[in-house]
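# Observations on the three-dimensional arrangement
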Amino acid sequence: METSNRASSAALLHYTPAYNYSIGARYEWMRGADIRMHAIQPTYLAKRWFGKEYQANLYLTGGIGRAEGKLDQVSTTETASFAGIMADWETRSLFASYEIRAADLGKLGNQTMHAARIGWAPYEGDTGDLHTWLMLEIDRREHLSRATTVTPLIRFFQGPALLEVGYNLSDSKPLINFTYRF
Amino acid sequence: MNTVFFKSLTLTVMLATSMTALADHSSEGPDHDAMSGMQHSDHNHGHEHKHQHQDSAHEGHEGHDHGSMNMAANITQTDEVAAALAAGGAPVVVDVLGVVCDFCATAMNKIFGKRDEVAAVYVDLDKKTLSLVIGEGETLSDKQIEKLAKKAGYRIAAIRRDSEALGG
């Protein structure tokens, strides 16, 4: 999984031994402060709700590792940890999600991120078809000067591959997320 | 961690709690295990679905409200399914809850496709069904199907076999 948004670029390689948990290695470059974090990231599906027409999920995630950055022009390495919660609800044509993640990077600072999304699929693709979603994300990152921003994006989804391409209207920066399930 | 972090985390936990409370009141309920609670009382569309437990593969199969699913979709005829049926396989159609995307389909295909008993498998997002063809001479009980669906992360609402699965 690769993510790149207005604040950071990240790669996550994870293994899912059972449907409700995974363990992965995460690398994240927080571009603004030029902090690079390497961490082990477990994710747990705490709850899944099922309906004939919908599915909803509650995920818990966290991680621990090292963060490298500069403090008063001096390179430093700190123990880094983060915790997050994500909830989503989706049908074949509607989607909503909310995510929060907080990171403690030691002397390199703390970061908190909230992101809420809504989405709509203009058509309902069947198995193996190309699925297309139009989405709008509102995020809040209190450590950035422009804390709250809006990103419209398009999600393309086919078989094991998912690609999201968007553009942050407030910060004029692209969003590119890619996920592949082996 | 700073105050902002704890405030944010508290807010999220509150939101998550609210969501749980809402979901607890839904007709699907969050605490269903494989087959318990599949009453679908809110989904009873007056459809009289006569499900006859006529083969040994239904051993241990209890608690389904087969009258509640009005879809009664037939098996989806892909090339693989047609070939497996032509080779003498037995058709099974499973109504699945929560199958809304291709990732769901991939997970189900992977889990069921690994089984030796399964000659063909196809997840139909439109019908919200899992179509299986059980190889000639093989059996896969309802209980095993429930277990495999749960392993893939999903729940089943009904299982139809043989002529029912073919729409006969």
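Residues numbered from 1 in each chain as written. Chains lettered and ligands numbered in written order. Predicted model: local features only at pLDDT ≥ 70, side-chain atom pairs only at ≥ 80, totals over all residues.

### Remarks on the packing of helix α3 (residues 102-113) of chain B against helix α4 (residues 142-152) of chain B
All names here are of chain B. Heads up, the rule is: Note on geometry: axes are C-alpha line fits, over the in-contact stretch for helices, and angles between N-to-C directions span 0 to 180 degrees. Here a helix means four or more residues in a row that DSSP labels H or I, a strand means two or more in a row labelled E, and each is numbered from the N terminus. Oblique is the label for any angle not under 35 degrees, not over 145, and not in the 65 to 115 range, which are roughly parallel, roughly antiparallel and roughly perpendicular in turn. Handedness of each helix crossing follows the sense of rotation of the near helix against the far helix: counterclockwise by less than a right angle gives left-handed, clockwise gives right-handed. Here, residue contact means that the backbone-derived C-beta atoms of the two residues sit within 7 Å. Charged means Asp, Glu, Lys or Arg here, nonpolar means Ala, Val, Leu, Ile, Met, Phe, Trp, Tyr, Cys or Pro, and polar covers whatever is left, Gly included.
Close contact between α3 and α4 brings their axes to 9 Å; oriented N to C, the two are set at 135°. Relative to α4, the element α3 is oriented oblique. Considering how the two elements wind past one another, α3 and α4 form a crossing that is right-handed. Two secondary-structure elements touch here, α3 through A107, M108, I111 and F112 and α4 through L148, K151 and A152. Here the residues of the contact of α3 with α4 are counted per class, giving six nonpolar, no polar and one charged.

### A look at the pairing of strand β12 (residues 173-180) of chain A
Regular strands place their side chains on alternate faces of the sheet. Residues and elements named next belong to chain A. Our working definition: Two strands make a pair as long as DSSP finds a minimum of two bridges between them.
Pairing between strand β1 (residues 2-4) and β12: three bridges, direction antiparallel. Bridge pairing in β12 links S4 to I176. Of the pairings in the sheet, the one linking strand β11 (residues 161-168) to β12 comprises eight bridges and is antiparallel in character. Each bridged residue has a counterpart across the sheet, and for Y167 the counterpart in β12 is P174. Hairpin remark: β11 followed by β12, antiparallel, with four residues in the connecting loop; positive phi at S172, about 55°.

### A word on the sheet that holds strand β6 (residues 74-90) of chain A
Residues and elements named next belong to chain A. The twelve strands lie next to each other as β1-β2-β3-β4-β5-β6-β7-β8-β9-β10-β11-β12, forming a closed barrel whose pairing is antiparallel. Put simply, the sheet's adjacent strands are angled 20° from each other on average, direction ignored. Across twelve bridges, the pairing between strand β4 (residues 35-50) and strand β5 (residues 55-71) is antiparallel. Along β5, the bridge assignment pairs W49 with A56.

### A closer look at the pairing of β11(A)
Residue and element names in this part refer to chain A. We apply this condition: Residues are called buried when their C-beta atom has 20 or more other C-beta atoms within 10 Å, exposed when it has 12 or fewer, and partly exposed otherwise; all C-beta atoms are positioned from the backbone.
Burial along β11 is one-sided: L162, E164, G166 and N168 are buried, while A161, L163, V165 and Y167, pointing the other way, are not. Of the pairings in the sheet, the one linking strand β10 (residues 148-158) to β11 comprises six bridges and is antiparallel in character. Looking at the pairing, Q158 lines up with A161 of β11. Taking the residues between adjacent antiparallel strands as the criterion, β10 and β11 are bridged by two residues, where G159 takes a positive phi near 55°.

### Brief notes about α3(B)
Filter applied, for reference: Take the residue count of a helix, subtract one, and multiply by 1.5 Å to get its expected span.
Between the first and last C-alpha of α3(B) there are 16 Å, a value that for twelve residues agrees with the 16 Å anticipated at 1.5 Å per step. If you check which residues of α3(B) are buried, you get B:D102, B:C104, B:A105, B:A107, B:M108, B:I111 and B:F112. Of the surrounding elements, those touching the buried residues of α3(B) are β9 (131-141) and β10 of chain A together with β2 (118-124), β3 (129-134) and α4 of chain B.

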